[in-house]
Amino acid sequence: MNWALEVKGLKKSFGGVAVTQDIFLQVAAGERRLIIGPNGAGKTTLFAQITGDLKPDAGSVALFGDDVTKLPVHKRIHTGMSRTYQIITLFSKDTLAHNVVLSLLGINSRKKSMFSELLHKDAIYQHAIDLLESVGLKDKAHSKVTEISYGEQRRVEIALALAQKPKLLLLDEPLAGLSLDERVMVSELINGISRDTAIVMIEHDMEMALAFAEKIMVLQYGKCIVDGDRDAVVNDPKTQEVYLGH
Amino acid sequence: MKRSSLINLLLIAVLAILPLFSGEYYINLGSQIMIAAIFAASLNLLVGYGGLTSLGHATYLGMSAYATAWIASHTTIDPLSTALIAIAFTTVLGAVFGWIALRASGLSFLMLTLALSQIMWGLGYRWVNMTNGDNGMNLPGRPSPFGINLEDSTSYYWFVLIFTVICLAFIARFVHSPFGASLRGTRDQPKRMSALGYDVWMIRWITFIIASFFAAIAGLLYIYFHKYIHPTVMSITVSAEALLCVIAGGSGTLAGPIIGSILIFLLKSYVSAFVERWNMLLGFIFVFIVMVMPAGIGPGISHLYHRIFKGKSS
């Protein structure tokens, strides 16, 4: 099977502390996969190795059948992967529309152009506004990031990721720090993403996350302790013990 | 026509007719300010738009000037080819030095640019066979493009004005292009830019090369103006002065380096005639600007204008 994401034997240590130990993960096209685990379990470190921000000590990462272990971050993105960050990472001095334009340009050869002027009337800006409309932020397209709420910034993060039409989307705690209303809104947004896109999500809000997940991987101390279909994982005694607390 | 384009055209027209009403001293001062403005604008690409603070940019000003003087003194190559070779040589040097300096970022990048420029400054003094050491090198004369004699200050002022307009227009287009937007993105969120599919290192390296190219043009105009080059032109003082022009005027803005260059050159020319330690005054003015207008004079005035305007409108 040609997996959207295939991780084999991934290992990473920081100064003798193993933060990822022999992780195997396979995500099919269009799948909804949840990664859970206590703080410090190595979830974000695993993401960083998948995206290329961190180089693994051993193991491999393949995207859509191609080994990308040695590819830098920006080249992996061009294979069809996109991500959001646990800590919001936007261009705070710029407008929401410009943020999305930067995302659109990232996978567009026009980004190399030095002599064509980037104008607000360009089609790419209209495309950015359409994308902002899809996350309910069309009215604020010309507001600066600093002028919108935290929950809205989370939606801009998702708009940036979706702008690249990813086939694999990595969401790192997309509901973190949001109010209940905002969590519902962002969850609906995530649930509405097309099945053309496989999603791997790290999330602590179990109620929302379990509604989303088809398969779950549970990490503890950098090791995968349970992996499989949602109901099987949730009912597994190990999951109950280390994560759900009963 | 857009309002900003009209203002720019008016400004160019005013600058063009200025020599008709000014003495030679002021014409020469104008030429020097414009050369400094091109140089500062080239550094602004790195500092203001790329977030890459360099303390070695004078290397490219000096190398272009040295290359021009050396070729003109030692060969029979025509002035146009000399200029092109000097600019190409300096740009290639910028590519090599940029490749080295961009192995690091932040303070380490700054120290690498400083170290590389100190090497060139040292070579300027010590490689006597090539550079004539502390005696400096002379340029036999200014070129005569299309038979136009540039030896008189007015002709040369117009020559510099044409180059200044072209260079600043190119820089303006560059920063407003998709590549310019990418460059600003790498300044604000390099990690995010990688995750959006941008090769951050490559964007910075290309910008470094372009900045060296425009600094080389400034160097060419510098040697034509002074007809003399000395190793001090590649010193840390000259690099720091350009950095001061950028920061004082407003880094990351098109007008900033021009305003900064005007300020520094006027201070140099007038205050130094009355105050022996004029650098001290420059320091005070810099501190004042940083405290009152942290973003620089250009953005500071713009902010003030908008505040007053908003006050009136409300």
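Just so we're clear, the structure is a prediction, and the values are computed from it rather than from any experiment.

A. Looking closely at the overall build of chain B. The helix and strand tally for chain B stands at 14 helices and two strands. Scaling as 2.2 N^0.38, a compact globule of 314 residues should have a C-alpha radius of gyration of about 20 Å, and chain B matches this with 20 Å. Taken along the three principal axes of its C-alpha coordinates, chain B extends 65 × 50 × 45 Å. Looking at chain B as a whole, 47% of its 314 residues qualify as buried.

B. Examining the interface of chain B and chain A more closely. Residue-level contacts link 19 residues of chain B with 23 residues of chain A. Going through the elements one at a time, α7 (153-175), α8 (178-188) and α9 (190-195) of chain B are the ones with two or more residues in the side of chain B that touches chain A. Of the residues forming the side of chain B that touches chain A, the biggest block, six residues, is contributed by α8 of chain B. Looking at side-chain class alone, the side of chain B that touches chain A contains seven nonpolar, seven polar and five charged residues.

C. Representation of the environment of Arg195 of chain A in the model. The residue Arg195 of chain A is located in the loop between α6 (180-191) and β8 (198-202) in this model. Between the C-alpha atom of Arg195 of chain A and that of Gly59 of chain A, which follows or precedes it by 136 residues, the distance is 29 Å.

D. Quick peek at the pairing of strand β2 (residues 17-27) of chain A. All names here are of chain A. Bridge count for strand β1 (residues 5-14) against β2 is seven bridges, and the pairing is antiparallel. Within the sheet, the bridge partner assigned to Glu6 lies in β2 and is Gln26. Hairpin connection of β1 to β2: two residues between the antiparallel strands, including Gly15 at a positive phi of 55°.

E. Fine view of helix α10 (residues 200-226) of chain B. Residues and elements named next belong to chain B. The end-to-end C-alpha distance of α10 is 39 Å, a good match for the 39 Å that 27 residues give at a rise of 1.5 Å each. By the criterion of burial, α10 is predominantly enclosed, with 21 of the 27 residues buried. Taken from the residues just after α10, Lys227 is the one with a positive phi, measuring 55°.

F. Local environment of the packing of helix α3 (residues 58-74) of chain B against α10 of chain B. Residues and elements named next belong to chain B. In contact at an axis separation of 7 Å, α3 and α10 are set at 50° when each is read in the N-to-C sense. By the criterion of interaxial angle, the relationship of α3 to α10 is oblique. As α3 packs across α10, the resulting crossing turns out to be right-handed. Taking contact as the criterion, the partners of Tyr60, Leu61, Gly62, Met63, Ser64, Ala65, Thr68 and Ala69 in α3 are, on α10, Ser212, Ala215, Ala216, Ala218, Gly219, Leu220, Tyr222 and Ile223. Here the residues of the contact of α3 with α10 are counted per class, giving eleven nonpolar, five polar and no charged.

G. Structural view of the confidence of the model for chain B. All names here are of chain B. Within chain B, residue pLDDT values average 93, and 98% of them lie at 70 or more. Mean pLDDT values for the elements of chain B range from 79 in helix α14 (residues 297-313) up to 98 in α10. Interface confidence for the predicted complex, expressed as ipTM, amounts to 0.91; the pTM equals 0.93.

H. Summary view of the nonpolar core. Counting 154 residues, the largest nonpolar core has Val100 of chain A together with Phe214 of chain B as its most contacted members. With 17 residues, α10 of chain B is the single largest residue contributor to this core. Those residues in contact with Val100 of chain A that sit more than four places away from it in its chain are Ala128, Leu131, Leu132, Ala159, Leu160 and Ala163 of chain A.

I. Structural view of the environment of Thr239 of chain A. Take Thr239 of chain A: it is sitting in helix α9 (residues 237-244). Classification of Thr239 of chain A as partly exposed rests on a count of 19 C-beta atoms within 10 Å.

J. Local environment of the sheet that holds strand β6 (residues 81-83) of chain A. Residues and elements named next belong to chain A. Taken together, six strands build an open sheet; the order of strands is β6-β7-β8-β3-β9-β10 and the sheet is mixed. The sheet is open, and its two edges are formed by β6 and β10 (223-229), each paired on a single side. Going from strand to strand, the sheet's axes swing by 15° on average, the running direction of each strand aside. In the sheet, strand β3 (residues 32-36) pairs with strand β9 (residues 215-220) via four bridges, with the strands oriented parallel.

Thresholds, definitions, all that
- Residues numbered from 1 in each chain as written.
- Chains lettered and ligands numbered in written order.
- Predicted model: local features only at pLDDT ≥ 70, side-chain atom pairs only at ≥ 80, totals over all residues.
- Helix = DSSP H or I, 4+ residues; strand = E, 2+ residues; numbered from the N terminus.
- Rg over C-alpha atoms; globule rule 2.2 N^0.38 Å.
- Buried ≥ 20, exposed ≤ 12 C-beta atoms within 10 Å, placed from the backbone.
- Contact = placed C-beta atoms within 7 Å.
- Nonpolar A, V, L, I, M, F, W, Y, C, P; charged D, E, K, R; others polar.
- Pairing = 2+ DSSP bridges.
- Expected span 1.5 Å × (residues − 1).
- Axes fitted to C-alpha atoms, helices over the stretch in contact; angles between N-to-C directions.
- Parallel < 35°, antiparallel > 145°, perpendicular 65-115°, else oblique.
- Left-handed = near helix turned anticlockwise from the far one by under 90°.
- pLDDT = per-residue confidence, 0-100.
- Core = buried A, V, L, I, M, F, W, Y, C linked by C-beta atoms within 7 Å.

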